[in-house]
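Structure at a glance
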Amino acid sequence: MSGNVLTVLDLKNVPDEIVVEKILSTRNSKLFEVIYDRYADRIYNKCLSFSHDSTVA
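Residues numbered from 1 in each chain as written. Predicted model: local features only at pLDDT ≥ 70, side-chain atom pairs only at ≥ 80, totals over all residues. Heavy atoms only, no water.

1. Considering helix H2 (residues 32-51)
- Its maximal kink placed at Tyr39, H2 deviates by approximately 45°.
- In the segment just after H2, His52 is the residue with positive phi, at about 55°. (Bend = angle between axes of the 7 residues up to and from the residue. Helix = DSSP H or I, 4+ residues; strand = E, 2+ residues; numbered from the N terminus.)

2. Section: the pattern of salt bridges
- A complete count under the given rule lists 2 salt bridges for this structure.
- Ionic pairing is found between Arg38 and Asp16, a salt bridge with its closest N-O pair at 2.4 Å. Taken together, the residues span a long stretch of sequence, with Arg38 in helix H2 and Asp16 in helix H1 (residues 16-26) at a distance of 22 residues.
- Linking Lys30 and Glu33 is a salt bridge whose minimum nitrogen-to-oxygen distance equals 2.7 Å. (Salt bridge = Lys/Arg side-chain N within 4 Å of Asp/Glu carboxyl O.)

In structure tokens form, the structure reads like this:
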């Protein structure tokens, strides 16, 4: 990490709980990208399995 500025890359291998703590403590919404990248495909696929429609999912 450079100085006190956290980046998405700094948190790539950090557990979700710590990432969320950092998001809340720094109020840096850009860090939400870490959580999004981890789960977006799973969430999309789950929605697709319910709806059977890629537009709806």
